[in-house]
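Here is what each chain is made of, one letter per residue.
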Amino acid sequence: MRSYTPELADSGVTTLRKGETRYQEGVAAEKGGDMEGAVAAYVESARLGHPLADLRLGQLYEKDTSKTLPRDLQESIRHYQKAREFGIDIKTQPSRDPGAPNVPTH
């Protein structure tokens, strides 16, 4: 059993709040058409452990119509997997090739 000090708990809560704030800033930037700002916010938020930021980055690396990020399926899968670890349900699209793995979709 782990025990946590109040300082450690406060630090964890502060990190979660920063992650949520940066995620919300990313959403706002994306809605405002600032994809570079949105991606920067999503990346920082994901580094702070925000699963929805990882989900969005997975989607953007898979298919970013704004061309802000390159198409990078390895990076996409990495972010999808991190989101899955937090319980986010990632839908997969069945492959037409019986030997190929399924590719996550939005």
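Please read all numbers here as calculations on a predicted model, not as lab measurements.

It is worth spelling out the environment of Met35 at this point. Considering the arrangement of structural elements, one finds Met35 in helix H2 (residues 35-47). Its relative accessible area of 12% is what places Met35 among the buried residues. Spatially, the C-alpha atom of Met35 lies 9.8 Å from that of Asp64, the residues being 29 residues apart in sequence. When near neighbours in sequence (up to four residues on either side) are disregarded, Met35 contacts Glu30, Leu60, Asp64, Ser66 and Thr68.

For the rest of this paragraph, the subject is the packing of helix H3 (residues 51-62) against helix H4 (residues 73-85). Where H3 contacts H4, the axes come no closer than 7 Å and their chain directions differ by 155°. With respect to each other, H3 and H4 are oriented roughly antiparallel. Of the two possible hands of crossing, H3 and H4 adopt the one that is left-handed. Residues Pro51, Asp54, Leu55, Leu57, Gly58, Gln59, Tyr61 and Glu62 of H3 form the contact with H4, whose participating residues are Leu73, Glu75, Ser76, His79, Tyr80, Lys82 and Ala83. Classifying every residue of the contact of H3 with H4 gives seven nonpolar, four polar and four charged.

Judged by nonpolar contacts, the single largest core of 13 residues is most densely connected at Tyr42, Leu57, Leu60 and Leu69. The biggest single contributor to this core is H2, with five residues. Among residues more than four places away in sequence, those in contact with Leu57 are Tyr42, Val43, Ala46, Leu69 and His79.

Positionally, Ala28 belongs in helix H1 (residues 6-31). Sequence separation between Ala28 and Ala38 is ten residues; the distance between their C-alpha atoms is 7.6 Å.

The next subject is the confidence of the model for the protein chain. Per-residue pLDDT for the protein chain has a mean of 85; in total, 83% of the residues score no lower than 70. The secondary structure element of the protein chain with the lowest average pLDDT is strand S2 (residues 103-104), at 52, and the one with the highest is H2, at 97. The low-confidence segment residues 94-98, where pLDDT is below 50, has four contacts with residues more than four positions distant or belonging to other chains.

All told, the structure shown has five salt bridges when counted by the stated rule. Here Lys82 and Asp54 are joined by a salt bridge, their closest N and O atoms 4.0 Å apart. Of the two residues, Lys82 sits in helix H4 while Asp54 sits in helix H3, which places them 28 residues apart along the sequence. Given a relative accessible area of 1%, Asp54 falls into the buried group. It is possible to trace a salt-bridge network through shared partners that takes in Arg22, Glu25 and Glu44.

At a closest axis distance of 8 Å, the pairing of H2 and H3 adopts a crossing angle of 130°. Viewed along their axes, H2 and H3 adopt a mutual orientation that is oblique. Relative to H3, H2 is oriented so that their crossing is left-handed. On the side of H2, the interface is formed by Met35, Val39, Tyr42, Val43, Ser45 and Ala46, while H3 contributes Ala53, Asp54, Arg56, Leu57 and Leu60.

Reading guide: rules and limits
Residue positions within a chain follow its written sequence, with the count starting from 1. Predicted model: local features are reported for residues with pLDDT of at least 70 only, side-chain atom pairs are reported and counted for 80 or more only, and whole-chain, interface and lining totals are derived from all residues. For the side-chain quantities, the full set of heavy atoms in the structure was used; hydrogens and water were omitted. Secondary structure follows DSSP: runs of H or I at least 4 residues long count as helices, runs of E at least 2 residues long count as strands, and numbering of each begins at the N terminus. Under the scheme applied here, a residue whose accessible area is under 20% of the maximum for its type counts as buried, over 50% as exposed, and between as partly exposed, the area being computed with a 1.4 Å probe on protein chains only. In what follows, a contact means two residues having at least one pair of non-hydrogen atoms within 4.5 Å. Here the axes come from fitting lines to C-alpha atoms, over the contacting stretch only for helices, and the angles between their N-to-C directions go from 0 to 180 degrees. Roughly parallel covers angles under 35 degrees, roughly antiparallel covers those over 145, roughly perpendicular covers 65 to 115, and oblique covers all other angles. Crossing handedness follows the turn of the near helix against the far one: under a right angle anticlockwise gives a left-handed crossing, and clockwise gives a right-handed one. Amino acids outside the nonpolar list (Ala, Val, Leu, Ile, Met, Phe, Trp, Tyr, Cys, Pro) and the charged list (Asp, Glu, Lys, Arg) are all regarded as polar, and Gly is one of them. Definition of nonpolar core: a set of buried residues of the types Ala, Val, Leu, Ile, Met, Phe, Trp, Tyr and Cys, connected through side-chain atoms within 4.5 Å. Confidence of the predictor at the level of single residues is captured by pLDDT, which takes values from 0 to 100. What counts as a salt bridge is simple: a side-chain nitrogen of Lys or Arg found within 4 Å of a carboxyl oxygen of Asp or Glu.

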